[in-house]
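Here's the letter readout for the chains.
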Amino acid sequence: MWRVCRSVMNLRQARRLSVSVAGPCIVHKRGTDILHDPWFNKDTGFPLTERDRLGLRGLLPPRVISFEQQYERFMNSYHSLEHNTRGEPPSVVALAKWRILNRLHDRNETLYYRVLIDNIKEFAPVIYTPTVGLVCQNYGGLYRRPRGMYFSGKDKGEMMSMIYNWPAKQVDMIVITDGSRILGLGDLGVQGIGIPIGKLDMYVAAAGMNPQRILPVMLDVGTNNQKLLKDNLYLGLRQPRLEGDEYLSIVDEFMEAAFSRWPKAIVQFEDFQMKWAFETLERYRKKFCMFNDDVQGTAGVALAGLLGAVRAQGRSLKDFVNQKIVVVGAGSAGIGVLKMAKQAIERMLGNNEGLEVNHQFWLLDKDGLITTERKEIDPTAVPFARSFGPGQVEGLKEGASLLEVVKKVRPDVLLGLSGVGGIFNEEVLKAMKASDSPRPAIFAMSNPTANAECTPADAFKFAGENIIFASGSPFENVNLGNGQVGYVNQANNMYLFPGIGLGALLSGARLISDGMLQAAAECLASYMTEEDIQKGILFPSISSIRHITTHVGAAVALAAVSEDLAEGHGDVGLRELMHMSKEETMDYVAHSMWYPVYSPLVHEK
Ligand SMILES: NC(=O)c1ccc[n+]([C@@H]2O[C@H](COP(=O)([O-])OP(=O)(O)OC[C@H]3O[C@@H](n4cnc5c(N)ncnc54)[C@H](O)[C@@H]3O)[C@@H](O)[C@H]2O)c1
Ligand SMILES: O=C(O)C[C@H](O)C(=O)O
Ligand SMILES: [Mg+2]
């Protein structure tokens, strides 16, 4: 019980306790130091006895305000800000909303995470995609206080000691970026730190990770963004990006330092440019408990969406092997999706050697359709390059345009991970109307909003009202008239990464295997009811993200156990994990989630 607010509860404790009952929390500070520490600060909510115990009497206005009143006060000021900024440009309103939430984050984490969890549908677009993109672009001007850790090319040889500068004894989850491909916004250098912060906020909100045990990390190896390099106020290293072995030695050093201090931590790589996304994944995945969200998290979410689209066509899941899929964008995300889709087809076909599983994929990049005739083809794209043998659609040449490909192939699915806003233009969408599918699927997955390959309004208008639509950033549903709704799904890796991290943590997985990722994707794919799927709803509402994450986390933990990768977590050992049924695993995951309530603070020197 003691210190239960800091540790993930074990199964027996979890069963005994309601999650809203918080055990005492040891604090080694007193007085203003506590008020300035967002982990412990309760603002005006400190009860009088605690004010006495912690040397706070006189440092706060005398009236004690309850948590509920503080909550209401914050929500009122948030909504009056909405009122006061009416008519202002959307970016001004978005940043004002982010600022007010960020200030609360910096002041009082308990209240911050409670309002975030309770209002996730309203606040996710502010702390996550799309506003987080705008925040990264304007980071220099918005910067007030540091959050997370910064390791730069200048810290070579120092990281093993630097890692001990982080105040928390235990870290469960690290999200790291080098800022080289922030959403669809390109190289934002050190300003990309907003992404790990936003992802980790989702870990707390969706997966119930303890915010005292998360760590956002920026690996600053320079930037190739000329505008930032010329900016006097830029906060990162003003030098071109390190490349080759020099670059890798920095990432190696960070990984060694992080895992030597926290051997049971999990590291999520986020928004690395393609070459480093794949290279670091291969380099570390057999050595450390890590994954790349853009490659692997996105792939699982897209696969779940693709399987949902097959169900929505009234076909059996096995029909996935016959779906014609055009993927636009041959980067870390697009290639990740194709790799996972290929594995799914191989499983469906029973892994029969010699079966051609790529015949229904068409992959395009900035130079058009990728074929075997492409000179200097990226090795990761090679398995998906079209060849001109039997079974191939005639008349498509190397570099064929998106419009040509859609017209000729008449695909079931058009999936965009290109980062290019509006690339699914009117002509392309009209061509999708002639698709061979009874319900063509259009996935405009690029972020943030302006980088989406098309808007849902255009998709339903030009490709037809019976389409299935998904976007990476949130959009409103489309009113099709006559009481009909064009449903907008948010195909975003946020539906998977929190469960992948949580399942790996709670099972104490040594590594994150393909089997664990596949279990996560299958869990998400089977989450929706037939009724929802028929309406074109492929993913659950973000309001139920904790529930989804419980399912995904349990599926990942069970897969880790069955693959012999689990080592147990805290008081829950491997033996206990191995004896848990599916329901018990779900129970364990659900009860391990941290929930924000004020814990009584006890001072210890
Ligand atoms: N919805 C999600 O969950 C999710 C997850 C990951 C990435 N994304 C988004 O996907 C986008 C791409 O991410 P990435 O990591 O693959 O980036 P990347 O830089 O690795 O790849 C981008 C790819 O798009 C191609 N491309 C550029 N212009 C094109 C054009 N005009 N036509 C066709 N292809 C073009 C490039 O050649 C490259 O192959 C980003 O906008 C990112 O935000 C979304
Ligand atoms: O960050 C997101 O919203 C999704 C994804 O990881 C991306 O890079 O776009
Ligand atoms: Mg990303």
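What you see is a predicted model; the values in this text were computed from it and never measured. (Residues numbered from 1 in each chain as written. Chains lettered and ligands numbered in written order. Predicted model: local features only at pLDDT ≥ 70, side-chain atom pairs only at ≥ 80, totals over all residues. Heavy atoms only, no water.)

*Asks:* For this particular structure, what's the right way to read the overall build of the chain?
*Replies:* Across its full length, the chain carries 25 helices and 16 strands. A compact globule built from 605 residues should have a C-alpha radius of gyration of about 25 Å, and the chain, at 24 Å, falls within 12% of that. Seen through its C-alpha atoms, the chain measures out along the principal axes to roughly 80 × 60 × 55 Å. Across the 605 residues of the chain, 60% fall into the buried class. Within the chain, contacts between residues separated by at least 24 positions form 72% of all contacts whose residues are at least 6 apart in sequence. Of the roughly 24700 Å² that the chain leaves accessible, carbon and sulfur atoms contribute 52%. Of the side chains in the chain, 65 bear a positive and 67 a negative charge, and the two mean positions are spaced by 5 Å. (Helix = DSSP H or I, 4+ residues; strand = E, 2+ residues; numbered from the N terminus. Rg over C-alpha atoms; globule rule 2.2 N^0.38 Å. Buried < 20%, exposed > 50% of the residue type's maximum accessible area, 1.4 Å probe, protein only. Contact = heavy atoms within 4.5 Å. Areas by Shrake-Rupley, 256 points an atom, 1.4 Å probe, with all protein chains shown as cover. Lys, Arg positive; Asp, Glu negative; His and termini not counted. Charge placed at Lys NZ, Arg CZ, Asp CG, Glu CD.)

*Asks:* Would you explain the pattern of salt bridges in this entry?
*Replies:* Close approach of charged atoms allows side chains of opposite charge to pair. One pass over the structure, following the stated rule, counts 33 salt bridges. In this structure, Lys97 and Glu82 form a salt bridge, with 3.2 Å as the shortest nitrogen-oxygen distance. Here the residue Lys97 occupies a position in helix 5 (residues 90-107), and Glu82 occupies one in helix 4 (residues 67-84), the gap between them amounting to 15 residues. Ionic pairing is found between Lys287 and Glu256, a salt bridge with its closest N-O pair at 2.8 Å. Separated by 31 residues along the polypeptide, Lys287 in the loop between helix 14 (274-284) and strand 6 (290-292) and Glu256 in helix 13 (residues 244-261) bring together distant segments of the chain. Under the relative-accessibility criterion, Glu256 is labelled partly exposed at 36%. Residues joined in a network through salt bridges with shared partners are Asp365, Lys366, Asp367, Arg374 and Glu398. (Salt bridge = Lys/Arg side-chain N within 4 Å of Asp/Glu carboxyl O.)

*Asks:* Would you mind showing me how to read the sheet that holds strand 12 (residues 468-471) here?
*Replies:* To summarise the sheet geometry, strands pair through backbone hydrogen bonds and adopt either a parallel or an antiparallel arrangement. An order of 9-8-7-10-11-12-15 is seen for the seven strands of this open sheet, with the pairing classed as mixed. The strands lining the two open edges of the sheet, one partner per strand, are strand 9 (368-369) and strand 15 (488-490). Pairing geometry for strand 11 (residues 441-444) and strand 12, over four bridges, is parallel. Its bridge partner being in strand 12, Phe443 is matched across the sheet by Ala470. Sitting on the sheet, helix 16 (residues 332-348) is in contact with strand 7 (325-328), strand 8 (361-365) and strand 10 (413-416), with an inclination near 170° to strand 8. (Pairing = 2+ DSSP bridges. Axes fitted to C-alpha atoms, helices over the stretch in contact; angles between N-to-C directions.)

*Asks:* Help me out: how do you make sense of the UniProt feature "domain: Malic enzyme N-terminal" (unreviewed entry) in the chain in this one?
*Replies:* With numbering aligned to this structure, UniProt lists the feature "domain: Malic enzyme N-terminal" (unreviewed entry) at residues 105-285. Annotated as residues 105-285, this span is 46% helix and 11% strand, and its ends, taken at the C-alpha atoms, are 32 Å apart. (UniProt positions renumbered as here; feature names shortened; annotations may be inferred.)

*Asks:* Honestly, the coordination of the magnesium ion (ligand 3) in this entry has me stumped. Any pointers?
*Replies:* Note on metal geometry: ideal angles are 109.5 degrees for four donors arranged tetrahedrally and 90 or 180 degrees for six donors arranged octahedrally. Protein-derived ligands of the magnesium ion (ligand 3) are Glu270 (OE), Asp271 (OD) and Asp294 (OD), with the metal-ligand distances lying across 2.0 to 2.1 Å. Read in sequence order, the donor residues coordinating the magnesium ion (ligand 3) give the pattern E-D-x22-D. Of this pair, Glu270 sits in the loop between strand 5 (266-269) and helix 14 while Asp294 sits in helix 15 (residues 293-312), and the two are 24 residues apart along the sequence. Glu270 gets classed as buried once you look at its relative accessible area, which sits at 1%. (Donors = N, O, S within 2.8 Å, 3.2 Å for Na, K, Ca; no water.)

*Asks:* What is the right way to read the packing of helix 13 against helix 14 from this model?
*Replies:* For any two helices packed against each other, the geometry comes down to the angle between their axes and how far apart the axes lie. At their nearest, the axes of helix 13 and helix 14 sit 12 Å apart, and the two run at 50° to each other. By the angle between their axes, helix 13 is oblique relative to helix 14. In this structure, helix 13 crosses over helix 14, and the sense of that crossing is right-handed. Every residue of helix 14 that contacts helix 13 at Gly244, Tyr247, Leu248, Val251, Asp252 and Met255 is listed here: Trp276, Glu279, Thr280, Arg283 and Tyr284. Looking at side-chain class alone, the contact of helix 13 with helix 14 contains six nonpolar, two polar and three charged residues. (Parallel < 35°, antiparallel > 145°, perpendicular 65-115°, else oblique. Left-handed = near helix turned anticlockwise from the far one by under 90°. Nonpolar A, V, L, I, M, F, W, Y, C, P; charged D, E, K, R; others polar.)

*Asks:* It is not clear to me how the pairing of strand 3 (residues 173-177) should be interpreted in this structure. Could you clarify?
*Replies:* Within strand 3, five of the five residues are buried, which leaves the element mostly enclosed by the surrounding structure. Residues Met173, Val175 and Thr177 point to one face of strand 3 and Ile174 and Ile176 to the other, with burial holding for every one of them. Sheet analysis places strand 3 next to strand 4 (residues 214-220), joined by five bridges and oriented parallel. The partner of Val175 across the bridge, within strand 4, is Pro216. With respect to chirality, the unit in which strand 3 leads through helix 11 (residues 194-207) into the neighbouring parallel strand 4 is right-handed. (Right-handed = clockwise from strand over helix to strand, strands pointing away.)

*Asks:* Looking at this model, I keep getting lost on the environment of Arg347. Mind explaining?
*Replies:* You can see Arg347 is positioned in helix 16. Linking Arg347 and Val321, residues 26 residues apart in sequence, is a C-alpha distance of 10.0 Å. In contact with Arg347, not counting residues within four places along its chain, are Gln518 and Glu522. A polar atom in the side chain of Arg347 sits 3.0 Å from the side chain of Gln518. (Polar contact = N/O pair within 3.5 Å; in protein donor to acceptor, adjacent residues only side chain to side chain.)

*Asks:* I'm lost on the site of ligand 2 in this one. Help?
*Replies:* Neighbouring residues of ligand 2: Tyr128, Thr129, Arg181, Leu183, Lys199, Glu270, Asp271, Asp293, Asp294, Asn447, Asn492 and Asn493. A distance of 3.0 Å separates an oxygen atom of ligand 2 from a polar atom in the side chain of Arg181. Protein contact buries 91% of the 260 Å² of open area that ligand 2 shows by itself. In terms of residue class, the shell around ligand 2 is made up of two nonpolar, four polar and six charged. (Near = heavy atom within 4 Å.)

*Asks:* Sorry if this is basic, but what is going on with the side chain of Asp220 here?
*Replies:* Mapping Asp220 onto the fold places it in strand 4. No salt bridge is formed by the buried Asp220. Its closest oppositely charged neighbour is Arg241, at 6.5 Å. Ignoring anything within four residues of it in the chain, the contact list for Asp220 reads Phe151, Ser152, Gly153, Val190, Gly236 and Leu237.

*Asks:* For this particular structure, what's the right way to read the environment of Ala431?
*Replies:* Looking at where Ala431 falls in the secondary structure, it is placed in helix 18 (residues 426-433). Separated by 68 residues in the primary sequence, Ala431 and Leu363 place their C-alpha atoms 17 Å from one another. Discounting chain neighbours no more than four positions away, the residues touching Ala431 are Leu403, Val406 and Lys407.

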